[in-house]
Amino acid sequence: PQPNRWASSSKSKDDSEVGHCTRVQRNVNMEGLRTGYLFPEIFKRESEHMQKKAHARLIRLGIGDTTLPIPDIITSAMAEHAYALSTIQGYKGYGAEQGNMDLRKAIAEKFYKDMGVEGHEIFVSDGAQSDISRLQMLLGSNVTVAIQDPSFPGYTDSSVIVGQAGKLEEESGKYGNIVYMNCGSENGFFPDLSTTPRTDIIFFCSPNNPTGNAASRQQLQQLVDFARINGSIIVYDSAYAAFISDESPRSIFEIPGAKEVAIEISSFSKFAGFTGVRLGWTVVPEELLYSNRFPVIKDYNRIVCTCFNGASNIAQAGGLACLSEDGYKAVTNVVNYYKENAKILVEAFASLGLKVYGGKNAPYIWVHFPGLSSWDVFNEILEKTDVVTVPGRGFGPGGEGYIRVSAFGHRENILEASMRLKKLFFLA
Ligand SMILES: Cc1ncc(COP(=O)(O)O)c(CN[C@@H](CCC(=O)O)C(=O)O)c1O
């Protein structure tokens, strides 16, 4: 299996090992984080398992990390750029914090054609995860937020860290100041906006991680109208848009009126295999205004200039190559490979009579184990099949009773994992 990025994290010394301590008070918001970040926790469980079963052939379908090589039309462009840095005429230092304008324009052309989004409204970054944190710095602690439940933990955890979330209610596992928009199988994974309280910010991910559900055009129009009426800002995460196979919108800016109510974050991670290269972008439309009519884009530009020195010029060269005609064809072939994996996993779980969601518009399969603890299901699958998944509870209280399975594996691993899971649950 691939070396995991947390494998080398050194064990921090605890107080008993270090005599001295400072007089600096801990950020009280950090105390609000109930556990470690979900994915290092998954790795910890995986390591404990491997300590018990050193010779197990582990199959990792947990973290949504790509596994196929980046097409060489893209890596050659990065290599060429990297080599040019070793020459006088090719060397480049700091670039524009907002990103290379050619790349900004290419993103606008490729993903936002005819939506009125222009290059100067696109801020190239080192990935969507970092952009979520920078957006939280922009928004500050005095805003109210609504988050899909379940959803990518980056929204809730960053909300806790910046002080938006309020106190954790142990009983429900929810933070007092966050509005949890239930997105379950019972409501087609789209929140009932008629009963959703107004908040300043609405985090919305479509296709959703972890459910794999892509909101329809009609639903996104409802969401934009809801934000407009309430004077809210939507932070729309389209990291998995390239996996959409039906008519669902790939961008919130396909919806009329969205430029006055939405910010969109996205990433090269999942469609181009750039999870380690690190490249993403955020669209902040000129039309998006605060209550005092000050343009949000001006503040976001200030955040980017103050807190970020721009994405790697090598990664940006790769990004440009991804968006060339041949480059995009090549990455689309890889996306289609993962989509085929998703189909295999959906069929495997469905053949066991389990309720399976997702997999059609996203590289995640969302499997229901009604009445069971998702961590118990995660543990049983790991212990009995050496397959790593993600317990749904890690994505919020709404994820309880589900597991998420990633389609980002190599085909042989997907087939082997499917066979093992069939054996486990068929015999159950
Ligand atoms: C909805 C969503 N947005 C943003 C990101 C991060 O994108 P980057 O551009 O690579 O920063 C992820 C990654 N989610 C993966 C990886 C988990 C993690 O490392 O946080 C997952 O859910 O398995 C995601 O699922």
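Structure: see above.
Reading the values: rules and limits
- Residues numbered from 1 in each chain as written.
- Predicted model: local features only at pLDDT ≥ 70, side-chain atom pairs only at ≥ 80, totals over all residues.
- Heavy atoms only, no water.
- Pairing = 2+ DSSP bridges.
- Helix = DSSP H or I, 4+ residues; strand = E, 2+ residues; numbered from the N terminus.
- Axes fitted to C-alpha atoms, helices over the stretch in contact; angles between N-to-C directions.
- Polar contact = N/O pair within 3.5 Å; in protein donor to acceptor, adjacent residues only side chain to side chain.
- Contact = heavy atoms within 4.5 Å.
- Core = buried A, V, L, I, M, F, W, Y, C linked by side-chain atoms within 4.5 Å.
- Buried < 20%, exposed > 50% of the residue type's maximum accessible area, 1.4 Å probe, protein only.
- Salt bridge = Lys/Arg side-chain N within 4 Å of Asp/Glu carboxyl O.
- Phe/Tyr/Trp six-rings, centres within 6.5 Å; stacked < 30°, edge-to-face > 60°.
- Lys NZ or Arg CZ within 6 Å of the ring centre and 35° of its normal.

Student: Whenever I open this one, the sheet that holds strand S10 (residues 280-283) confuses me. Can you help?
Tutor: Note: strands within a sheet are paired through backbone hydrogen bonds, in either parallel or antiparallel orientation. Spatially, the seven strands line up as an open sheet ordered S2-S10-S9-S8-S7-S3-S6, and their pairing is mixed. With partners counted over all chains shown, the strands left at the sheet margins are strand S2 (122-125) and strand S6 (178-182), one partner each. If you compare each strand with its neighbour and ignore which way they point, the axes differ by 20 degrees on average. When S2 meets S10, the two strands line up antiparallel, connected through four bridges. Each bridged residue has a counterpart across the sheet, and for Ile 122 the counterpart in S10 is Val 283.

Student: Could you clarify how one ought to interpret the side chain of Asp 131 in this entry?
Tutor: Note that Asp 131 resides in helix H5 (residues 128-139). Separated by 2.8 Å, the side chains of Asp 131 and Ser 125 make a polar contact. Those residues in contact with Asp 131, other than ones at most four positions away along the chain, are Ser 125, Ile 265, Trp 281, Thr 282 and Tyr 300.

Student: Just to check I follow, could you spell out the nonpolar core for this structure?
Tutor: One recurring pattern in soluble globular proteins is that nonpolar side chains are buried together. Ranked by size, the top nonpolar core spans 103 residues in total, and within it Ile 107, Tyr 112, Ile 234, Phe 268 and Phe 271 carry the most contacts. Setting aside its immediate chain neighbours within four residues, Ile 234 contacts Ile 202, Phe 204, Leu 223, Val 224, Ala 227, Val 261, Ala 262 and Ile 263. Ranked by size, the runner-up nonpolar core spans 22 residues in total, among them Phe 349, Leu 354, Phe 369 and Leu 421.

Student: Honestly, the pairing of S6 in this entry has me stumped. Any pointers?
Tutor: Side chains on a regular strand alternate between the two faces of the sheet. Taking burial as the measure, the five residues of S6 include four buried ones, the bulk of the element. Pairing analysis gives five bridges linking strand S3 (residues 145-149) to S6, with the strands arranged parallel. What sits directly across from Ala 146, in S6, is Val 179.

Student: I tried to follow helix H6 (residues 153-161) on my own but got confused; where do I start?
Tutor: It helps to recall that an α-helix has 3.6 residues per turn; residues three or four apart then point in one direction. The buried fraction of H6 amounts to eight of the nine residues, a majority that puts the element mostly inside the structure. Among the residues of H6, Pro 153, Gly 154, Tyr 155, Thr 156, Asp 157, Ser 158, Ser 159 and Val 160 are the ones counted as buried. Of the residues one or two after H6, Gly 163 is the one with positive phi, at around 90 degrees.

Student: Got a minute to help me understand the pairing of strand S9 (residues 262-267) in this structure?
Tutor: Within S9, six of the six residues are buried, which leaves the element mostly enclosed by the surrounding structure. Of the two faces of S9, both are covered, the one formed by Ala 262, Glu 264 and Ser 266 as well as the one formed by Ile 263, Ile 265 and Ser 267. In terms of strand pairing, S9 meets S10 through four bridges, oriented antiparallel. Its bridge partner lying in S10, Ser 267 is registered against Gly 280.

Student: Would you explain unusual backbone geometry in this entry?
Tutor: If a residue is not glycine, its phi is most likely negative; likewise, a peptide bond is most likely trans. The amide bond that connects Asp 149 to the next residue, Pro 150, takes the cis arrangement and shows omega of 5 degrees. Topologically, Pro 150 is positioned in the loop between S3 and H6. Residue Pro 210 follows Asn 209 across a cis peptide bond; omega there is 25 degrees. Tracing the backbone shows Pro 210 in the loop between strand S7 (201-205) and helix H7 (217-230). Here Arg 278, not a glycine, exhibits a phi torsion of approximately 75 degrees, which is positive. Looking at the secondary structure, you find Arg 278 in the loop between helix H8 (269-272) and S10. With relative accessibility at 29%, the residue Arg 278 sits in the partly exposed group. Phi angles above zero are rare outside glycine, and Arg 293 is one such case at about 70 degrees.

Student: Any chance you could explain the pattern of salt bridges here in plain terms?
Tutor: Side chains that differ in sign of charge can pair as their charged atoms come close. For the coordinates displayed, the defined rule picks out 19 salt bridges. Ionic pairing is found between Asp 386 and Lys 53, a salt bridge with its closest N-O pair at 2.8 Å. Here the residue Asp 386 occupies a position in the loop between helix H12 (374-385) and strand S13 (387-388), and Lys 53 occupies one in the loop between helix H2 (38-52) and strand S1 (59-60), the gap between them amounting to 333 residues. Looking at Asp 386, the relative accessible area reads 11%, which means it is buried. Between Arg 420 and Glu 416 there is a salt bridge whose closest N-O contact spans 2.8 Å. Of this pair, Arg 420 and Glu 416 both sit in helix H13 (residues 411-427), four residues apart, which is roughly one turn of the helix. Judged by relative accessible area, which is 14%, Arg 420 ranks as buried. A residue is classified by how much of its surface remains accessible, and Glu 416, at 22% relative accessible area, is partly exposed. Taken together, the shared-partner salt bridges connect Glu 41, Lys 44, Arg 45 and Glu 48 into one network.

Student: It is not clear to me how the sheet that holds strand S11 (residues 355-358) should be interpreted in this structure. Could you clarify?
Tutor: Spatial strand order, S11-S12-S15-S14: four strands in an open sheet with antiparallel pairing. The open sheet has two edge strands with one neighbour each: S11 and strand S14 (390-391). Pairing geometry for S11 and strand S12 (residues 364-368), over four bridges, is antiparallel. From the neighbouring strand, Tyr 357 faces S12, where its bridge partner is Trp 366. Sitting on the sheet, helix H11 (residues 325-350) is in contact with S11, S12 and strand S15 (402-406), with an inclination near 10 degrees to S12.

Student: Which parts of the structure should I look at to understand the packing of aromatic side chains?
Tutor: When we look at a pair of aromatic rings, we describe it by the centre distance and by the angle of the planes. Per the counting criterion, the structure on display carries 27 aromatic pairs. Aromatic side chains Tyr 240 and Tyr 364 sit 5.1 Å apart centroid to centroid with 70 degrees between the ring planes, which places their arrangement in the edge-to-face category. Separated by 124 residues along the polypeptide, Tyr 240 in the loop between strand S8 (233-237) and S9 and Tyr 364 in strand S12 bring together distant segments of the chain. Judged by its relative accessible area of 6%, Tyr 240 is buried. A connected cluster of aromatic rings, assembled from ring pairs, spans Tyr 37, Phe 39, Phe 189, Tyr 357, Trp 366, Phe 395 and Tyr 402. The cationic tip of Arg 104 hangs over the ring face of Phe 123; the distance from NZ or CZ to the ring centre is 5.5 Å. Above the ring of Tyr 364, the side-chain terminus of Arg 404 is found at 3.8 Å from the ring centroid.

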